[in-house]
Amino acid sequence: MTISPQAQALLDRDAKAVAGIEKLRFFPIAIEKGKGSWLTEVGGRKLLDLSSTWTACGLGHGHPKIIEAMVRAAQSPAGAGGLSAVHPDSVGFAEDLLAFTPGEGERRVYFGHSGTDANDVVFRAARQATGKKRIVTFKLGYHGGLGVAMKVSDVHIAAGAEADPDLFLATYPNPFRPHVAGDDPIAASVAASIAEIDRELAKGDVCCLMAEPILSDGGMIIPPKGFLTALQATCRKHGVLLAVDEVKMGLGRAGVMHAFQLDGIVPDIVTFGKLIGGGLPLSAAVAPAWVIDGPAASALLTTAGNPICTAVGRQVMRTLVEEDIPQRSARAGKRFVSGLKELMKDSPVIGDVRAEGLAIGLELVTDKESNTPDRALATKVVYRAFELGAVVHYVGGNVLEITPPLIINDEEIDLAVDILGKAIADAAAGKVSDEAVAPYAGW
Ligand SMILES: Cc1ncc(COP(=O)(O)O)c(C=O)c1O
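Residues numbered from 1 in each chain as written. Predicted model: local features only at pLDDT ≥ 70, side-chain atom pairs only at ≥ 80, totals over all residues. Heavy atoms only, no water.

Visitor: For this particular structure, what's the right way to read the environment of Asp 434?
Guide: Relative to the elements of secondary structure, Asp 434 occurs in helix α14 (residues 434-437). Residues Asp 434 and Ala 15 lie 419 residues apart in sequence; the distance between their C-alpha atoms is 21 Å. (Helix = DSSP H or I, 4+ residues; strand = E, 2+ residues; numbered from the N terminus.)

Visitor: Could you clarify how one ought to interpret the site of the ligand in this entry?
Guide: Taken together, 13 residues lie around the ligand, and Ser 114, Gly 115, Thr 116, Asp 245 and Lys 274 are the ones closest in. A distance of 2.7 Å separates a nitrogen atom of the ligand from a polar side-chain atom of Asp 245. In this structure, Lys 274 approaches the ligand through a side-chain N or O atom, which is 2.8 Å from an oxygen atom. Coverage of the ligand by the protein amounts to 85% of the 390 Å² it exposes when considered alone. When residues of the shell around the ligand are assigned to their parent elements, the largest contribution, 3 residues, is made by helix α4 (residues 115-130). Classifying every residue of the shell around the ligand by side-chain character gives 2 nonpolar, 6 polar and 5 charged. (Near = heavy atom within 4 Å. Polar contact = N/O pair within 3.5 Å; in protein donor to acceptor, adjacent residues only side chain to side chain. Areas by Shrake-Rupley, 256 points an atom, 1.4 Å probe, with all protein chains shown as cover. Nonpolar A, V, L, I, M, F, W, Y, C, P; charged D, E, K, R; others polar.)

Visitor: Which parts of the structure should I look at to understand the sheet that holds strand β15 (residues 399-402)?
Guide: By definition, the strands of a sheet pair up through backbone hydrogen bonds, in either a parallel or an antiparallel sense. In space, the 4 strands of this open sheet follow the order β11-β12-β15-β14, with antiparallel pairing throughout. What marks the edges here is a single partner per strand, and that holds for β11 (350-356) and β14 (393-395). Direction aside, the axes of adjacent strands within the sheet are offset by 30 degrees on average. Sheet strands in contact with helix α12 (residues 375-388) are β12 (359-364), β14 and β15, and its direction is about 155 degrees off that of β14. Across the sheet, helix α13 (residues 410-428) touches β11, β12 and β15, and the angle it forms with β15 is around 165 degrees. (Pairing = 2+ DSSP bridges. Axes fitted to C-alpha atoms, helices over the stretch in contact; angles between N-to-C directions. Contact = heavy atoms within 4.5 Å.)

Visitor: Is there a simple way to explain the nonpolar core in this structure?
Guide: Counting residues in each nonpolar core, the largest one holds 102 residues, and the members touching the most others are Leu 97, Leu 209, Leu 231, Phe 336 and Leu 400. Ranked by the residues each element gives to this core, the list is headed by α13, at 8 residues. Other than its neighbours up to four places away in sequence, Leu 209 contacts Val 136, Phe 138, Ile 197, Leu 231, Cys 235, Val 240, Leu 241, Leu 242 and Ala 243. Counting 23 residues, the second-largest nonpolar core is a separate cluster that includes Val 122, Cys 207, Leu 241 and Ile 269. (Core = buried A, V, L, I, M, F, W, Y, C linked by side-chain atoms within 4.5 Å. Buried < 20%, exposed > 50% of the residue type's maximum accessible area, 1.4 Å probe, protein only.)

Visitor: So what exactly am I meant to see when it comes to the packing of α12 against α13 here?
Guide: Pairs of packed helices are described in terms of their axes, by the angle between the two and the distance that separates them. Between α12 and α13, the least distance of the axes is 8 Å, while the angle of their chain directions is 130 degrees. Taken as axis vectors, α12 and α13 run oblique relative to one another. The two elements α12 and α13 meet at a crossing, and its hand is right-handed. Between α12 and α13, the contacting residues are Leu 377, Lys 380, Val 381, Arg 384, Ala 385 and Leu 388 on the first element and Ile 419, Lys 422, Ala 423, Ile 424, Asp 426, Ala 427 and Ala 428 on the second. Tallied by class, residues from the contact of α12 with α13 come to 9 nonpolar, no polar and 4 charged. (Parallel < 35°, antiparallel > 145°, perpendicular 65-115°, else oblique. Left-handed = near helix turned anticlockwise from the far one by under 90°.)

Visitor: Honestly, unusual backbone geometry in this entry has me stumped. Any pointers?
Guide: Note on backbone geometry: most residues besides glycine have negative phi, and most peptide bonds are trans. For the peptide bond that leads from Gly 294 to Pro 295, omega is -5 degrees, which places it in the cis range. In this structure, Thr 53 is a non-glycine residue whose phi angle is positive, near 50 degrees. Position of Thr 53 among the secondary structure elements: in the loop between β3 (46-49) and α2 (64-75). One non-glycine residue, Trp 54, lies in positive phi territory at about 55 degrees.

In structure tokens form, the structure reads like this:
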């Protein structure tokens, strides 16, 4: 493909200046600005955003209410953080989040900068508060890119990162690829996962189990109905804290405000990130006071709770409610999925389309008889989609993660389906060379 000279120049500068350690690249994209569901490349080409920066820009780009909140906070600066002083938006954000997040008992809010630090603090605090060391997370799970959060994330461990020595990785039931055979393999897989977790928790040394309500980075795996409920029952039976990581799939994306509501559960701990900051660095953990209210000064980030991010976080929550974003996401998701299922009928390489709201996964396979994951094809499909004018990534090796802004309209959805259909057909027909995608290892 031809990249504009301006974009190429910026990409060249990036290669020389920015550390590769924080790059996860799929195609040569250089972005200048955005509006609604659209991004503008350096050089002027418009791209339909089907990622929302991995869901962080879930209210779309340049939402007027978010800009207004950001500017208001910037115009009357109240210092830069909440460590050693309080200000109305830091306290207000915590109060709003407590009211916004279902839960029981006396709770407190930790705020940080990224999903990673919110989860990291939860693990450390759970260990400290319970005096127990072991953590349970899931195979193919993702909770962060640093510290304990990274060491309990199987996506990183599988790629060679050091695992936490006190970690047990449980099996997340996958309806498309059940890990147990039988008359009803999906039910059998749920039962096997719960039995496995029950055995681990019964040992009495687990401080916390953290689950994603939809296993997104692991391949957009939507658990069978009832799994989260059974998980909660098992945690309660053994007195183990259940933490749900809503960083990516929460806040309206799954057609409900909180993705754990898909199964009607109320976790002990909930973590937020990405969309909660409307594109700014903001994260939060809502947890029982006895877990995160002390010791003081044991999780310090100077600019945590800073006035601009917390003002925006409050506005994000208000906007989600005022604009009825969960309902919009549920409705838009139905239209998107019906378009993708039409594509699936005629495509020999689309093995599965699954979704809750606008959390959509499309699984690419070598053929529909074996359903063998086709990782090479996924790299080429996302590259071709970029050439054709859309931004989409893959997760779990072979699954397109389709997470557009939650304000996407019908016309944009139809265009997205059209682009994805062409990208899949073109890539499967060999229109993307191995050389073109070679520089983009993705993950
Ligand atoms: C479920 C989940 N938890 C936590 C994180 C970490 O968030 P961040 O990258 O903002 O630190 C991610 C990031 O992809 C995620 O998907």
